[in-house]
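# Structural description and commentary
Take a look at the letters that make up each chain.
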2 protein chains.
Amino acid sequence: MMMPDVYRALGDPTRRRIVSMLKQGSKTQKEIVEAFDISQPAIKKHLTILLEEKIISERLKGKYRIYSLNTNSLQIAYQDMLQYIAELLDDQLVSLKDYVERGEIRDEQD
Amino acid sequence: MMMPDVYRALGDPTRRRIVSMLKQGSKTQKEIVEAFDISQPAIKKHLTILLEEKIISERLKGKYRIYSLNTNSLQIAYQDMLQYIAELLDDQLVSLKDYVERGEIRDEQD
DNA sequence: CCAACATATAACCTAAGGGTTATATAAAAT
DNA sequence: ATTTTATATAACCCTTAGGTTATATGTTGG
């Protein structure tokens, strides 16, 4: 089991479309398949990846599989990214300091 | 030339590590290479991709190439992703707004 | 000038990603 | 009980991504 990777999950345009679809509400696999031009197994693979990365969740209803957004994970992903940017900006101040201190004299390394 | 895709740039863990390194300050290619277990050409490829997506920039200093974060672009990149996720979450984002306004996160710069 | 160093580039390998078709399985409908 | 429907799975193809080694190019120090 690996750490959920939102970059992996959302890195593919088809998966982003699926996720966007699910924003409108839960959908069966069949409904999702019909919304795309690609085959059912291909869609299934995308769904599996989204499940693995916890972006969506799945429940059974008879012969149907119903997929919905996992808002919890998305929210966490969102916060992680915000945090990341925040840290970046903070460090940037340090970096500026670093630049001033070390200046252009960078060829005296070893 | 291919479609600029921030997920492409940040989708690879090695590239994210490089970005994290550069958060600490500018580095020569050599310094970056030495921080990883992979070969110089491999690192070079990652740097090229980050350059293409404008996440980093490069300047020459004699025989050295010095890489630094393009803070603005990185920020925009993350904001794009955040925007996407935010749209997915819509109403759920109230608590998040709260979180942001608490001042732990500064998502604007001067 | 020459040797050493930093980087660039070419050629190649392998694994993974995204797609396919064909077929198996499970639930529902007839 | 059979057929239809929804989903799962297997086997395969093609392209790309990420890595390698070997070598060329450019810059600097001795």
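Below is a short write-up of the structure. In this text the structure is predicted, and so the values were computed from the model without any measurement.

Reading guide: rules and limits
- Residues numbered from 1 in each chain as written.
- Chains lettered and ligands numbered in written order.
- Predicted model: local features only at pLDDT ≥ 70, side-chain atom pairs only at ≥ 80, totals over all residues.
- Heavy atoms only, no water.
- Pairing = 2+ DSSP bridges.
- Helix = DSSP H or I, 4+ residues; strand = E, 2+ residues; numbered from the N terminus.
- Near = heavy atom within 4 Å.
- Polar contact = N/O pair within 3.5 Å; in protein donor to acceptor, adjacent residues only side chain to side chain.
- Core = buried A, V, L, I, M, F, W, Y, C linked by side-chain atoms within 4.5 Å.
- Buried < 20%, exposed > 50% of the residue type's maximum accessible area, 1.4 Å probe, protein only.
- Contact = heavy atoms within 4.5 Å.
- Axes fitted to C-alpha atoms, helices over the stretch in contact; angles between N-to-C directions.
- Parallel < 35°, antiparallel > 145°, perpendicular 65-115°, else oblique.

### Overview of the sheet that holds strand β3 (residues 64–69) of chain A
All names here are of chain A. The strand order β1-β3-β2 describes an open sheet built from three strands, whose pairing is antiparallel. Edge positions in the sheet fall to β1 (27–28) and β2 (56–61), since each has one partner strand and no second. Relative to β3, β2 runs antiparallel, the two being bridged by six bridges. Directly across from leucine 60, in β3, lies its bridge partner arginine 65.

### Notes on the protein's contact with DNA strand D
Around DNA strand D, 21 residues are found, and the nearest of them are Gln29 and Lys30 of chain A together with Ser39, Lys45 and His46 of chain B. Within 4 Å of the protein, the atoms of DNA strand D are drawn from sugar and phosphate moieties in a proportion of 69%. Lysine 44 of chain A places a side-chain nitrogen or oxygen 3.3 Å from a phosphate oxygen of DNA strand D. Side-chain polar atom of aspartate 12 of chain B to a phosphate oxygen of DNA strand D: 3.2 Å apart, as the coordinates give it. Elements supplying a minimum of two residues to the surface near DNA strand D: α3 (29–34), α4 (40–52) and β3 of chain A together with α2 (13–23) and α4 (40–52) of chain B.

### Some details on the protein's contact with DNA strand C
Among the 22 residues in the neighbourhood of DNA strand C, the closest are listed as Ser39, Lys45 and His46 of chain A together with Gln29 and Lys30 of chain B. A breakdown of the atoms of DNA strand C within 4 Å of the protein gives sugar and phosphate a share of 71%. Take lysine 63 of chain A: an N or O atom from its main chain is 3.5 Å from a sugar or linking oxygen of DNA strand C. Elements represented by at least two residues in the surface near DNA strand C include exactly α2 (13–23) and α4 of chain A together with α3 (29–34), α4 and β3 (64–69) of chain B. With five residues, the top contributor of residues to the surface near DNA strand C is α4 of chain A.

### Description of the nonpolar core
Counting residues in hydrophobic clusters, the biggest one holds 55 residues, and the most contacted among them are Ile32 of chain A together with Leu10, Ile32, Tyr78 and Ile85 of chain B. If you tally residues by element for this core, the top one is helix α5 (residues 71–89) of chain B, at ten residues. Excluding anything up to four places from it in sequence, leucine 10 of chain B contacts Tyr7 of chain A together with Arg16, Val19, Leu74, Tyr78 and Met81 of chain B.

### Details of the packing of α2 of chain B against α4 of chain B
All names here are of chain B. Remark: α2 packs on α4, axes separated minimally by 10 Å, with the N-to-C direction vectors making an angle of 75 degrees. Between α2 and α4, the crossing angle belongs to the class labelled roughly perpendicular. For the pair formed by α2 and α4, the contact residues are Thr14, Arg15, Ile18 and Val19 on the first element and Ile43, His46, Leu47, Ile49 and Leu50 on the second.

### Some remarks on the sheet that holds strand β1 (residues 27–28) of chain B
Overall, antiparallel pairing links the three strands, which are arranged β1-β3-β2 (chain B) in an open sheet. Looking at the sheet topology across the chains shown, the edges are occupied by β1 and β2 (56–61) of chain B.

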